[in-house]
Amino acid sequence: MKAWNAIATFHGDSKVSTWLSRIAINEAIDFNRRQKKRPVHSTDEADMGIANQLQADKYFDGEEAEALLQEAIANLPEGQRTVFLLRYYDDMKYSEISRITGTTEGGLKASYHIAVKKITDFFRKHD
């Protein structure tokens, strides 16, 4: 709905997918901010939801590594988590992520590298 309502603001400076991704990321950031204001739930608990669901599901037939990966990703700071998810799962180029997030490509590469190191360290601790 946000994209449809804001279609008049799209100037064609970037790809439509980049513009839509920026809208989605802004919505996710806004959602996280609203969740932080709620004293009953911590964002850490919300972030751990996927990992907890995977581990608790008796029909989950994937590897334990997937659950650990989701837990490791959930433990990343918001910025590193965003860069990691966009690069690893969405296979976005740093230039696209840079346009979406407004961060330099060098900064994104550093964030991604640090995120990968933290995830690797997480796996080593749980080995």
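All of the points below concern the structure found in this document. (Residues numbered from 1 in each chain as written. Predicted model: local features only at pLDDT ≥ 70, side-chain atom pairs only at ≥ 80, totals over all residues. Heavy atoms only, no water.)

### Points about the overall build of the chain
A count of helical and extended segments in the chain gives eight helices and zero strands. The order of α-helices and β-strands along the chain, N terminus first, is α-α-α-α-α-α-α-α. Per-residue burial for the chain yields a buried fraction of 28% across its 127 residues. Accessible area of the chain: about 8800 Å², with a carbon and sulfur share of 54%. (Helix = DSSP H or I, 4+ residues; strand = E, 2+ residues; numbered from the N terminus. Buried < 20%, exposed > 50% of the residue type's maximum accessible area, 1.4 Å probe, protein only. Areas by Shrake-Rupley, 256 points an atom, 1.4 Å probe, with all protein chains shown as cover.)

### A few points about the pattern of salt bridges
Under the definition given, this model contains two salt bridges. With a shortest N-O distance of 3.4 Å, Lys117 and Asp121 are connected by a salt bridge. With Lys117 and Asp121 both in helix H8 (residues 105-125), this residue pair falls four residues apart, about one helical turn. Classification of Lys117 by relative accessible area gives partly exposed; the value is 48%. Asp121 gets classed as partly exposed once you look at its relative accessible area, which sits at 27%. (Salt bridge = Lys/Arg side-chain N within 4 Å of Asp/Glu carboxyl O.)

### Observations concerning the nonpolar core
In terms of nonpolar packing, the biggest core is built from 18 residues, with Phe84 and Ile119 touching the most fellow members. Those residues in contact with Ile119, other than ones at most four positions away along the chain, are Leu69, Ala72, Ile73, Leu76 and Phe84. (Core = buried A, V, L, I, M, F, W, Y, C linked by side-chain atoms within 4.5 Å. Contact = heavy atoms within 4.5 Å.)

### Side note on helix H7 (residues 94-101)
Helical geometry note: an α-helix holds 3.6 residues per turn, so side chains three or four residues apart project in the same direction. Taken as a whole, H7 has its buried residues at Tyr94, Glu96, Ile97, Ser98 and Ile100. Downstream of H7 by a residue or two, Gly102 has a phi angle that is positive, lying close to 75°.

### Let's talk about helix H6 (residues 78-89)
Its twelve residues place the ends of H6 16 Å apart at the C-alpha level, agreeing with the 16 Å of an ideal helix rising 1.5 Å per residue. One or two steps after H6, the chain reaches Asp91, where phi turns positive at roughly 55°. (Expected span 1.5 Å × (residues − 1).)

### Re unusual backbone geometry
The phi dihedral of Asp91 falls on the positive side, at around 55°, and the residue is not glycine. Within the secondary structure layout, Asp91 lies in the loop between H6 and H7.

### Observations concerning the environment of Tyr89
Structurally, the position occupied by Tyr89 is in helix H6. For Tyr89, the contacting residues outside a window of four places in its chain are Glu66, Leu69, Gln70, Ile73 and Phe84.

### Some thoughts on the packing of aromatic side chains
Enumeration according to the criterion identifies four aromatic pairs in this entry. On the numbers, 5.0 Å between centres and 15° between planes, the contact of Phe84 with Tyr88 is stacked. Highlighted residues: Phe84 and Tyr88, both in helix H6, separated by four residues, approximately one helical turn. When its relative accessible area of 4% is taken as the criterion, Phe84 is described as buried. Here Tyr88 falls in the partly exposed class, since its relative accessible area comes to 44%. Where Phe84 meets Tyr112, the ring centres are 5.6 Å apart and the plane angle is 15°; that geometry is what we call stacked. With Phe84 in helix H6 and Tyr112 in helix H8, this residue pair connects regions lying 28 residues apart in the sequence. (Phe/Tyr/Trp six-rings, centres within 6.5 Å; stacked < 30°, edge-to-face > 60°.)

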